[in-house]
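Residue strings, one per chain:
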Amino acid sequence: MKKHLILLILLFSGIRAVSQKISQLITQDTITYVYKLDDAQSKYVLKHRTIHDTSFLFTRKFREYPQNKFKTDTLPNGNYISATITDHRVNYTYTVVTPFVMSTKVLKEEVFIFLFDKKSKALIKNAKIELDGKPIPYDPGCGGYSLIKKDFDQQKIDRGNVFLKVSYDAEVYAFQFSLSNQPEAKPSPDYYNNTQAELNSPGYLILDKPLYRPLDTLNLKAFLVNFKNGKPLRQKVILSITEADSDFRFSKTIKKKTRGAYLYQWKIPDTLKIDRSYTVRLRYEKLGRRLVKQSSFRLSEYELAKNVFDVDIHSPNFYAGDDVLFYVTAKDMNGFPVQGAQVHCEIQLLQVMNLFQDSLSISPEKRNKWYQMDTLIEYENFAAYRIPSDIFPNVNGQYNLNVTITDPISFEKKSFSKTFTKQAQTEKVLFYQDADSLRLHVLYNGKDTMRKFMLITLRDKDTLTKMKVSSPYACQLDPMTTSAFIIDKDSNLKSVNIIYNKLEMLHVKGKRNGDSVQISFQYPFTEPVHYRIYKKDKLVKSGETSRLNYTIADQSLDQYRLLITSHLQSGIENNFYEFLFVPEKQTSFRNQFTQTSPARRFNGCRNDCEGF
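Since the structure is predicted, the reported quantities are computational estimates derived from the model, not experimental observations.

Caption draft 1: Seen up close, the overall build of the protein. Helices and strands together make up the secondary structure of the protein, namely 4 helices and 46 strands. The long-range fraction of contacts in the protein, counting pairs at least 24 apart against all pairs at least 6 apart in sequence, stands at 61%.

Spelled out as structure tokens, the structure:
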């Protein structure tokens, strides 16, 4: 179905169908009557936000359809009213079918309106646009149609009395124009203004374990800061430990060890109920506020001697040049690392499947212990280990990975065995994006070989290209490409998603010194870049090109600004970038500006680049 145009300047949602008794139109109640509207008729519907039963709207009958066969996606481009008669009443529907999609971008006092073709996604530059009767010309500097907000009556716009007229491809479309004022950002209310409730204290409170058993020692550590100035707290706090379903309560006043730091040890009585959750709170008052920091633990009977050990291997198959990667997990019942856990690893050669050397003589002892490694898990409960590819013989073989993990305190031990294959010679298919290019290589022993593939590139779900290629292969991407994939003769598929580093691809360079300004960029695609160069707020140059080299003498201390955009992938309105250039003499007092996006700093350029 052709999509109805949805845009912030449209208020189609406000249009409601009206039912009227018009018996003079009823011939048979299984017909849908479709009327085409001109510009004046569309404005009438939009202005009144309803469809009146007036002869003014029904002067151009387009066609009649059986109700069970009418579909809006069969209508050609234009503005329409469809009327369906049910139980001697008429239901109206307003429909707009366009060959383009419209989007907008508001930057400061400027408004940019963009049109691009629904099928090709190309920008439309030859449409005629009028807003409230005033023509809006196409501006190559932005890639769309630009206007200044202050040139139009905002109150009239808010009342819905300003209309946008688009003439394109022998059709005229009318839309209600709206620019809702953005509400001013209001400061968030001060959380600590409330003097009645208990407030969360800034800082942290941690326990050494989430799970305890009776007679264990609980170790508490906290660091608390003043909510007003962020300085470490210096006063006493009240520690309480409670359980919600009983009357148990432990309370004690504790002092700071150092500024802001609180430490406490508590031996848990064996009289407490197990399989319960207990709340630990630190409470104090500051500047009339009641502040609290809390944590919790669970009391239970559990076996500390049992640990959780596990071994996993990255893949059952490793190829030429690939290190054998495996993972070891060692944690106690609380989920904490078993520090110092000993890991012993052995590799066994089980079977030689293909031999790629003249001969291979291996003793049974060497076969059973081809490689050994001993290491420790120091701080984490999870660790990754690599066995270098060059320790394996020049064969395609099957191996066993035997790993034994030992707890250094309880001497609890557990062994694991994993089987994998290691290839000495293999074919690798490399299909990847390289900046603005797509590359395909098929490597055998690290050397390029020729293989045939079907290459397909897509824009979302639409096919852009489909061709037969042979490796090695490289091509420059269409800027609209969003994904690509290859298919070999065995129908194996390999895909890659295309993601452009737009800022990096523009290669913007610039210099602003005391007597001149130099601004340039180079874009790898033939698709043009739309640019505007401002001196302060005055536009001094604009246009569209894939290459720019702008140099002008200027001994003033005025700032220059470059605003650029390109119609790449996600739409032109999402690819705006701004660069600021200031004289080098001002650099010393311009350093308070912060970098807001990953941009290079230019000589004489303010060190922030903003992407919109």
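What follows picks up the thread again.
Caption draft 2: Spatial organisation of the sheet that holds strand β9 (residues 134-136). Taken in spatial order, the 4 strands make up an open sheet running β9-β8-β12-β13, and their pairing is antiparallel. Only two strands of the sheet have a single neighbouring strand rather than two, namely β9 and β13 (171-176). In this sheet, adjacent strand axes meet at a mean angle of 25 degrees when their direction is disregarded. Pairing geometry for strand β12 (residues 163-168) and β13, over 6 bridges, is antiparallel. Residue pairing across strands places Leu-164 opposite Phe-175, the latter belonging to β13. The strands touched by helix α1 (residues 39-48) within the sheet are β12 and β13, with β13 carrying the most contacts at an inclination of about 20 degrees.

Caption draft 3: Region of interest: the nonpolar core. Ile-81, Phe-100, Leu-115 and Val-166 are the most contacted members of the largest nonpolar core, which totals 39 residues. In terms of nonpolar packing, the next biggest core, distinct from the first, is built from 34 residues, Phe-431, Leu-503, Met-505 and Ile-564 among them.

Caption draft 4: How the structure looks around the environment of Thr-465. In this fold, Thr-465 is placed in strand β35 (residues 462-470). Contact partners of Thr-465, with chain neighbours within four places excluded, come to Leu-455, Ile-456 and Thr-457.

Caption draft 5: Representation of the side chain of Asp-558. Of note, Asp-558 is situated in the loop between β43 (547-553) and β44 (560-566). Residue classification places Asp-558 among the buried residues on the basis of a relative accessible area of 18%. Every residue in contact with Asp-558, bar those within four places of it in the chain, is listed here: Arg-512, Lys-535, Lys-536 and Pro-583.

Caption draft 6: A positive patch on the surface, seen in detail. Side chains of Lys-231, Arg-234, Lys-236, Lys-255, Lys-256 and Arg-259 sit close together on the surface and give a patch of like positive charge. Residue placement: Arg-234 occurs in the loop between β17 (217-224) and β18 (237-242). On the basis of relative accessibility, which here comes to 56%, the residue Arg-234 falls in the exposed class.

Caption draft 7: Representation of the packing of aromatic side chains in the model. In this structure the tally under the stated criterion is 26 aromatic pairs. Ring plane angle 80 degrees and centroid distance 4.9 Å describe the contact between Tyr-35 and Phe-58, whose orientation is recorded as edge-to-face. One end of the pair, Tyr-35, is in strand β2 (residues 31-37); the other, Phe-58, is in the loop between α1 and β3 (61-66), with 23 residues separating them in the sequence. Residue Phe-58 is classed as buried on the basis of its relative accessible area of 18%. Ring centres of Phe-112 and Phe-576 lie 5.7 Å apart, and the angle between their planes is 25 degrees; this geometry places the pair in the stacked category. One end of the pair, Phe-112, is in strand β7 (residues 110-117); the other, Phe-576, is in the loop between β44 and β45 (577-581), and 464 residues separate them in sequence. Overall, Phe-112 belongs to the buried group, its relative accessible area being 0%. Clustering of aromatic rings is evident, with ring pairs tying together Tyr-212, Phe-248, Phe-250, Tyr-264, Trp-266, Tyr-278 and Phe-297.

Scoring rules and cut-offs
Residues numbered from 1 in each chain as written. Predicted model: local features only at pLDDT ≥ 70, side-chain atom pairs only at ≥ 80, totals over all residues. Heavy atoms only, no water. Helix = DSSP H or I, 4+ residues; strand = E, 2+ residues; numbered from the N terminus. Contact = heavy atoms within 4.5 Å. Pairing = 2+ DSSP bridges. Axes fitted to C-alpha atoms, helices over the stretch in contact; angles between N-to-C directions. Core = buried A, V, L, I, M, F, W, Y, C linked by side-chain atoms within 4.5 Å. Buried < 20%, exposed > 50% of the residue type's maximum accessible area, 1.4 Å probe, protein only. Patch = residues over 30% accessible without salt bridge, like charges linked within 9 Å, V, L, I, M, F, W, Y side chains within 5 Å. Areas by Shrake-Rupley, 256 points an atom, 1.4 Å probe, with all protein chains shown as cover. Salt bridge = Lys/Arg side-chain N within 4 Å of Asp/Glu carboxyl O. Lys, Arg positive; Asp, Glu negative; His and termini not counted. Charge placed at Lys NZ, Arg CZ, Asp CG, Glu CD. Phe/Tyr/Trp six-rings, centres within 6.5 Å; stacked < 30°, edge-to-face > 60°.

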